[in-house]
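In case you want the letters, here they are:
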Amino acid sequence: MARAGLTIERLTEAGAELADEVGFENLTVAALARRFGVKDASLYAHLKNAADLRTRIALVAVEEFAERVGTAVAGRAGRDSLVAFADAYRAFALERPGLYTATQLRIDPVPTPPPPAYLRTIELTYGMLRAYGLAEPDLTDAVRLLRSTFHGFSSLEANGGFAADRDVQASWERTVEALHVLLEHWPRAEPSAPTGAASPHRVT
């Protein structure tokens, strides 16, 4: 029997908060049950298993990520859009570390069709890059470059990987400016047919 007061929405929200605290990779149904002061069995009235919990949190994560980025880049283009996108990405990764990790989860599209937030994130990313005049296959290459740079920088920063005296914020601003210059002078490849560049279940 489901415990009174427990709902899938409450469990998902609490799971997202717990993921930020202990790390998405350390999130378990047992840990979530302890947070509510109940036995594991009480949660299984709402959740199928740990994978179900992680999937639900990943969907919430992408919703929040898309909302942050969408709000940041609204009405902007070119360099302004890139800076806003980059800053929103980094802020999300640093402020919601568990949710950020959850956005990297590969979700089976059969039982869980991609929600609009996944597609919105892809559209925002590609729309920003099209403003630089990029087309395939350059679009896909540029998406991979930006994702690798933002992910790598944010992950290293979160893990205390920048030990030099140089101000991290200054390095970040220079990094984004360098990306802007590169995008403006992108070495064009020969046009190709669309490649299905971004997975509908992976944040770009």
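Sequence order as written defines the numbering, with residues in each chain counted from 1. Confidence filtering applies because this is a predicted model: local features only for residues at pLDDT of at least 70, side-chain atom pairs given and counted only at 80 or more, and all residues used for totals across whole chains, interfaces and linings. Hydrogens and water molecules were not included; the side-chain quantities draw on all heavy atoms of the structure.

Undergrad: Looking at this structure, I do not really get the confidence of the model for the protein chain. What am I missing?
TA: Scored from 0 to 100, pLDDT reflects the predictor's confidence in each residue. For the protein chain, the mean per-residue pLDDT works out to 90, and 89% of the residues sit at or above 70. Across residues 197–204, confidence stays below pLDDT 50; counting only partners more than four residues off in sequence or on other chains, it has 34 contacts. Two residues qualify as a contact provided that any one of their heavy atoms is within 4.5 Å of a heavy atom in the partner residue.

Undergrad: Before we go on, may I ask you to explain helix H2 (residues 29–36) in this structure?
TA: Given 3.6 residues per turn, any residue in an α-helix points the same way as the ones three and four places further on. Per-residue accessibility, obtained with a 1.4 Å probe over protein chains only, is compared with the maximum for each type, and a residue is labelled buried under 20%, exposed over 50%, and partly exposed between these values. Helix and strand definitions follow DSSP, with helices as H or I runs of at least four residues and strands as E runs of at least two, each counted in order from the N terminus. Those residues of H2 that sit buried are Val29, Ala31, Leu32 and Ala33. Looking one or two residues beyond H2, the residue adopting positive phi is glycine 37, at roughly 70°.

Undergrad: Just to check I follow, could you spell out the environment of valine 22 for this structure?
TA: Within the secondary structure, valine 22 is located in helix H1 (residues 8–22). Sequence separation between valine 22 and proline 97 is 75 residues, and the spatial gap between their C-alpha atoms is 9.4 Å.

Undergrad: For this particular structure, what's the right way to read the packing of aromatic side chains?
TA: For any two aromatic rings, the description comes down to two numbers: the centre-to-centre distance and the angle of the planes. Geometry of aromatic contacts follows a simple scheme: Phe, Tyr and Trp rings, the Trp one being its six-membered ring, pair when their centres are within 6.5 Å, and the pair is stacked under 30 degrees between planes, edge-to-face over 60, tilted otherwise. Under the counting rule described, the total for this entry stands at nine aromatic pairs. Aromatic side chains phenylalanine 65 and phenylalanine 92 sit 5.5 Å apart centroid to centroid with 70° between the ring planes, which places their arrangement in the edge-to-face category. In this pair, phenylalanine 65 sits in helix H4 (residues 50–73) while phenylalanine 92 sits in helix H5 (residues 78–95), placing the two residues 27 residues apart along the sequence. Each member of the pair, phenylalanine 65 as well as phenylalanine 92, is classed as buried. Ring centres of phenylalanine 153 and phenylalanine 162 lie 4.9 Å apart, and the angle between their planes is 50°; this geometry places the pair in the tilted category. You can call phenylalanine 162 partly exposed: its relative accessible area is 33%.

Undergrad: When you look at the side chain of glutamate 136 in this model, what are you seeing that I'm missing?
TA: Mapped onto the fold, glutamate 136 is located in the loop between helix H7 (116–130) and helix H8 (138–158). Arginine 130 provides the closest opposite charge to the buried, salt-bridge-free glutamate 136, at an N-O distance of 6.2 Å. Polar contact criterion, stated in full: a pair of N or O atoms within 3.5 Å, where within protein one must be able to donate a hydrogen and the other to accept it, and residues adjacent in sequence count only if both atoms are side-chain atoms. Among the polar contacts listed, one links the side chain of glutamate 136 to the side chain of threonine 140, at a separation of 2.8 Å. Think of it this way: Lys and Arg go in the positive column, Asp and Glu in the negative one, and His and the chain ends go nowhere. Between Lys or Arg on one side and Asp or Glu on the other, a salt bridge is scored when a side-chain nitrogen of the former is within 4 Å of a carboxyl oxygen of the latter.

Undergrad: In this structure, what is going on with H4? I would like to understand it.
TA: With 24 residues, H4 should reach 34 Å at 1.5 Å per residue; the first-to-last C-alpha distance of 35 Å fits that figure. For H4, the full list of buried residues reads Asp52, Leu53, Thr55, Ile57, Ala58, Ala61, Val62, Phe65, Ala66, Val69, Gly70 and Val73. Turning to H4, the residues buried within the fold contact H1, H2, H5, helix H6 (97–102) and H7. At the N-terminal boundary of H4, the capping side chain belongs to asparagine 49, with an oxygen 3.1 Å from the backbone nitrogen of alanine 51. One or two residues past the end of H4 sits glycine 75, with phi positive at roughly 75°. Here a helix's expected span is defined as the number of its residues, less one, multiplied by 1.5 Å.

Undergrad: Quick question: what am I supposed to make of the nonpolar core here?
TA: Soluble globular proteins tend to pack their nonpolar side chains together in the buried interior. Counting 56 residues, the largest nonpolar core has Leu43, Leu82, Leu129, Phe150 and Leu183 as the members making the most contacts within it. At the level of secondary structure, the elements contributing two or more residues to this core comprise H1, H2, H4, H5, H6, H7, H8 and helix H9 (168–184). At nine residues, H4 tops the list of elements feeding residues into this core. Among the buried residues, those of types Ala, Val, Leu, Ile, Met, Phe, Trp, Tyr and Cys that are joined through side-chain atoms within 4.5 Å form a nonpolar core.

Undergrad: Quick question: what am I supposed to make of the environment of valine 69 here?
TA: Relative to the helices and strands, valine 69 resides in helix H4. Between the alpha carbons of valine 69 and leucine 124 there is a distance of 7.9 Å; along the sequence they are 55 residues apart. Contacts of valine 69, omitting those with residues within four sequence positions, involve Phe85, Ala88 and Leu124.

Undergrad: How should I be thinking about the pattern of salt bridges in this particular structure?
TA: If the charged atoms of two oppositely charged side chains come close together, the side chains can form a pair. This model, assessed by the stated rule, comprises nine salt bridges. When the shortest N-O distance is used, the salt bridge between arginine 96 and aspartate 20 registers 2.3 Å. Placement of the pair is arginine 96 in the loop between H5 and H6 and aspartate 20 in helix H1, with a sequence separation of 76 residues. Neither arginine 96 nor aspartate 20 differs from the other in exposure class; each is buried. One salt bridge in this structure joins arginine 96 and glutamate 64, with 3.1 Å as the shortest N-O distance. Separated by 32 residues along the polypeptide, arginine 96 in the loop between H5 and H6 and glutamate 64 in helix H4 bring together distant segments of the chain.

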